[in-house]
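The chain contents come next:
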Amino acid sequence: MKYPPQFLTGFALLFWGWQTEMMIAGIALATIIEGARFTQVKYDFKQRDFRNVWNLCGAIFIGVFFFVYTSGGGYDFLTIIKWLPMIFGLLAVVVSYSESRIVDYRVFRLFYWERAGKKIIGLDFTYPYIATIIAATSAANVRDIWFYAGLCAVMTWALWRFRSKSYPVWLWILALAIVITAGFAGSVGLQMADSYVTERMVEYFAESLREDTDPFKTHTAMGQLGKLKLSEKILARVHRAGVKINLADPVLLIESSYNTYRRTAWYTARSAFKDLKPEKNGVTWRIGKGTPGPERIAITTELKKGSGLAFSVERAVTFESLAAKKVGVNRMGAVKLTSAPEFLNYSVALGKESTNIGSPDHFDLAIPKNLEPVVGAIAKELKLATLRPETVLAVVSRYFAEKYSYSLELSGRRGKIDPVADFLLRTKQGHCEFFATATVMLLRKAGLPARYTVGYLAHEYSWLEKSIVVRGRDAHAWVSVYIGGKWRSFDTTPPSWVSADAENSTLLEPLKDLFSYIGWLISTWRNSDSDTDYTLPIGVALVLLMIYMVSRSMGGTKLNRTKISSKEDQSGEIRSGAESGLYKLEKKLAKTGRGRHPWETYSAWIARIEDNETRPVIKCVQPLLDLHNRMRFDPTGITETEKKNLDEGVGAAITLAGRISDGGS
Amino acid sequence: MPPAIAYKTYWLTSSLRHFARERITSAGGMVIGCIIVSALLGLDTNRTLAFQAFTLLTTLFFFAILFSFSFKARFGVNRDLPRFCTAGEPFKYRITIRSFSDKAMDGLSLMEKLADPRPSFAKFQTLREPGEEQRNRFDTVFGFYRWNWYIEQRRNNPPPERVLPLIPPGGEITVDMEMTPLKRGVIRFDSTGITRRDPFGLLRSLVNIKSGQSVVVLPNRYKTADVRLPGVRKYNQGGVALASHVGDSEEFMSLRDYRAGDPLRKIHWASWAKSGKPVVKEYQEEYFSRHALILDTFGDGGKIFEEAVSVAASFVASVDTGESFLDLMFVGTKAYRFTSGRGMGGGEPMLEILSSVKACTDKHFSLLEKAVIERAPILSGCVCVFLQFDEERQNFVKRLIGMGGQLRVFVVTDDETKIDAGPMKSSPDRFTVLEYGSVKDRLSNL
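What counts as what
- Residues numbered from 1 in each chain as written.
- Chains lettered and ligands numbered in written order.
- Predicted model: local features only at pLDDT ≥ 70, side-chain atom pairs only at ≥ 80, totals over all residues.
- Heavy atoms only, no water.
- Axes fitted to C-alpha atoms, helices over the stretch in contact; angles between N-to-C directions.
- Helix = DSSP H or I, 4+ residues; strand = E, 2+ residues; numbered from the N terminus.
- Parallel < 35°, antiparallel > 145°, perpendicular 65-115°, else oblique.
- Contact = heavy atoms within 4.5 Å.
- Nonpolar A, V, L, I, M, F, W, Y, C, P; charged D, E, K, R; others polar.
- Core = buried A, V, L, I, M, F, W, Y, C linked by side-chain atoms within 4.5 Å.
- Buried < 20%, exposed > 50% of the residue type's maximum accessible area, 1.4 Å probe, protein only.
- Buried area = accessible area lost by both parts, 1.4 Å probe.
- Salt bridge = Lys/Arg side-chain N within 4 Å of Asp/Glu carboxyl O.
- Polar contact = N/O pair within 3.5 Å; in protein donor to acceptor, adjacent residues only side chain to side chain.
- Lys, Arg positive; Asp, Glu negative; His and termini not counted.

Below, the discussion takes up the packing of helix 11 (residues 365-375) of chain B against helix 12 (residues 391-402) of chain B. All names here are of chain B. Helix 12 packs onto helix 11 with a crossing angle of 5° between their chain directions and a minimal axis gap of 11 Å. With respect to helix 12, the element helix 11 is oriented roughly parallel. Here helix 11 contributes Phe365, Ser366, Glu369, Val372 and Ile373 to the contact with helix 12, which in turn contributes Glu392, Arg393, Phe396, Arg399 and Leu400. Here the residues of the contact of helix 11 with helix 12 sort into 5 nonpolar, 1 polar and 4 charged.

And the structure:
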């Protein structure tokens, strides 16, 4: 095994310090680690000592992890990556000042590190440490050419030692130059490919993810070809509370309503937002009129960047425990939040009726010209104009239930025919957007103001979480119709749509749900403003854990200092037993032309050089070979007495060798 | 029966591991590790620059693979192996490599390959690891520990990779190799590999040269104190010659007058013709010692058995039989007896036999007892190396003592306190318990 080249670690640390703007740390570590080359002081660290230091580094890592995830000050996992050279720098320093520098790979095992045989299967920790430094530097994400330049420099420097002597140096340089150029081209190509794939994936899942809902416009999937893609990701959790409530009863969560349809998209006219003032506690917002009753619906969800539309429900009166900077409502019933927490946890108090939606206007009765013929024909067939409003609802509901079916298949467009017209006349199957749009048109034709409303149907009760979970596939469109002086929800989509959508769930859904729940628990805890603050007890527990690990690490470690020849330390090879005096004898005899070939064993060497002059030396050395070999290869080493005997014997041999003249073969 | 899928999985993973060790250098392993880490860290190319390391290292490895296809040289190899070596002790040998290329070659390495220790599927199905009945059902069915145990029995560490000096065009070089066999038996060399690394030193290209050879590994032996073999000289009819051959053969000593009852075949006709009265030839009938070294092979073949074989080998190597014979007796597929001493050959053939002794799991101790008792009348004494000292063995020892045999009993065990001296209580100096781990010290202090 070869030592890493001189100053490579130091260079990597300085590079890391520069890129991550932690130059002081980089210089300090580089100085300490590379300083080991200039000192003759080394310590006799055993494998157990390396293990203890590794445990200590692990304790520090846990502490850093806790700090990053509780401080909330813009730190994330990349922060931990950037700090890794400091976290594991302690082990690198210990290895640098160790005699042997070889760390048994079992030291890094989580369990059973003391099992298996005594033979050490070692590695030099320095190379993995250099790789860690480069990984940490990459996490700094400084977008210029210097990271790649530094990476190539470190790689070239490290590879020089391993180059094969079968090839000339110029070929090695040329091959490396080609690799560096091709690697750079590859990285540019990879980044472009990543951007392309990311964009396509965002488009692909756009319909099924709860992206920022636009209160003024919503596109539909009507007119597209293929199959509607639905996401099983949990977007929100709903918990009902109140008197005589069935916790599992479904809830319609409203995002917004729209009143103008044109070319497969719905728009909102005249729906500017009006900012509300919070009540005295600063977290309660009055959305509608009336007195809130005992019924509550608690909603937890994520709000990207803390701004967007909040889920509302029919008969919402107040939003409670909502810590937002600004809350606005419009006449469509949409509630817009600004500067709210990304993890939303609020409660909606319900009243007896909807009072948060504005009165209808002519937009709520408008029918596009291209749909007028179709809608008019059906309304005439059903005789909607002659019916009372309640009867209109019943007839329309029965009409869709009997003649239309639910489907996620998208049949595309037929020429210039509007997809809604095609749905009503030909296909007679579609998803909720078709049903909702068609119903709005028919109700308007019957003289009833109607709006297209979007949101989610919270229906799936989770026994694990004891709440209703709302998935991407629960996105729904229905109708808000104005009857008897108030707005109410009206849904003509066949009820089978819920089970039809659920059929698209994957086998991994339960596992994903479990992880989602764990993440939700952590988020809830992190964002809780309850009186019970668990940070301190958890912090204390972790500090105690660190202290325990530190004390385990340092217990039983004795520092035995040794001093070795700096020349032996600087060789390109790692040799355990490097302090054996036999190497000095070898050098002494090499000066007389009786050097040992690299491929010769010691026994073969002394057999070869034996002659009249060297015989006394050979006789002195022969019995010491066993001790030397045991010192080099036996994991248990040799005793102090045996080492002393070896040193004395070799010393005597060196003295005898001093009398030998030059000229041996 | 282990399912075929388990066998195939073990085979495949061991082949992959062997291939990786053979072809990927430590630097190559590091690069692969870095590629994996950089791939994970660089998944989002907007958050870190690790993807640059990924592309660079992947390109580097790709070029290393390309270069590895370019090594097409031809070599001849000749190995000069010793006939024997000893388990646990290094032995040296020379190997000559001849190049058939017209270009000088530098930077090459040599890797010796030993025979594949893995069992065939048929063999794997019938194998039983000692103590396997104590494993749980899953392990018994899938045979993972059985697989590892079998390979461990046959595995030896080949010599470490040796860097070769420059090989001149069409020339040859000779290098010394050293190897330490792990256990007794036979080391089979399968082939020799000449390797060349790619320019970056990540991968090895390999040229394999078939060169099957084998070396017998004698059991590990300990230095014993001066052990006197027990017993006195006994009459062996027919003398030394008959000791080694079958049939009448006596040593002629002198002539004497005929006495009534002498067999006619002993009459020396020439002397009768000369002297006029019947004269007979007189022979010397030899008295010498014959000792038995009795090796108990009725064990599970584990570490205690191996130690017992080493103890027996230690006696074979160090005891001076002098004018006596030493019979090695043990049971393998049947009861065996091998003799050394007094012109029968030294201890080497006996050590060679001991190198291949296997534990006997399908025969009974009574077979060994019968074989020894049959020869007891001509034995001067016995050295017994037992794996335990149960009632059966104690009764055997009692019988030998009763027949006048002089005994030296050694029991190899992993727990000294469990051994009861039994009939040897009255001769504590002739009864020694050798506890595993301290056999060497005990033997040297006898």
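After that view of the structure, there is still more to cover.
Our focus in this paragraph is the nonpolar core. Ranked by size, the top nonpolar core spans 73 residues in total, and within it A:Tyr129, B:Leu60, B:Phe200 and B:Leu202 carry the most contacts. Sorting elements by how many residues they give to this core places helix 3 (residues 50-68) of chain B first, with 10 residues. Not counting the four nearest positions on each side in its chain, B:Phe200 is found in contact with A:Leu159, A:Phe162, A:Arg163, A:Trp172, A:Ala175, A:Leu176, A:Val179, B:Leu60 and B:Phe63. Listed in part, the 40 residues of the second largest apolar core include A:Val392, A:Phe434, A:Ala477 and A:Phe490.

This part covers the interface of chain A and chain B. Between chain A and chain B, the contact holds 44 residues from the first and 41 residues from the second. Buried area between chain A and chain B, summed over both chains or domains, comes out near 3,600 Å², and the portion from carbon and sulfur atoms is 68%. On the surface where chain A and chain B come into contact, there are 0 salt bridges. Joining chain A to chain B, the criterion identifies 14 residue pairs in polar contact (both at pLDDT 80 or more). Those elements giving two or more residues to the side of chain A that touches chain B turn out to be helix 4 (77-87), helix 6 (126-140), helix 7 (146-160), helix 8 (169-204) and helix 18 (602-609) of chain A. Examining the composition of the side of chain A that touches chain B, we find that 14 residues originate from one element, helix 8 of chain A, more than from any other. For the side of chain A that touches chain B, the class distribution of residues is 28 nonpolar, 10 polar and 6 charged.

Here we come to the pattern of salt bridges. Two side chains with opposite charge may pair up if their charged atoms get near one another. Residue and element names in this part refer to chain A. In total, this model carries 43 salt bridges over all chains according to the counting rule given. Between Arg471 and Asp513 there is a salt bridge whose closest N-O contact spans 2.6 Å. Note that Arg471 is positioned in strand 24 (residues 467-471) and Asp513 in helix 14 (residues 509-527), a separation of 42 residues in sequence. Here Arg471 matches Asp513 in class, with each residue buried. Residues participating in the shared-partner salt-bridge network are Glu460, Arg471, Arg473 and Asp513.

Let us look at the side chain of A:Asp474. All names here are of chain A. Mapped onto the elements, Asp474 comes out in the loop between strand 24 and strand 25 (475-483). We note that Asp474 is buried and unpaired, the nearest opposite charge coming from Arg473 at a distance of 4.8 Å. Looking at Asp474, its side chain comes within polar contact range of the main-chain nitrogen of Arg471, at 2.8 Å. Not counting chain neighbours up to four residues away, the residues in contact with Asp474 comprise Gly455, Tyr456, Leu457, His459, Val469 and Trp497.

The next point concerns the environment of A:Arg451. Residue and element names in this part refer to chain A. Residue position: Arg451 is located in strand 22 (residues 450-458). Sequence separation between Arg451 and Ser257 is 194 residues; the distance between their C-alpha atoms is 6.2 Å. Reaching out from Arg451, the side chain makes a polar contact with the side chain of Asp364 at a distance of 2.9 Å.

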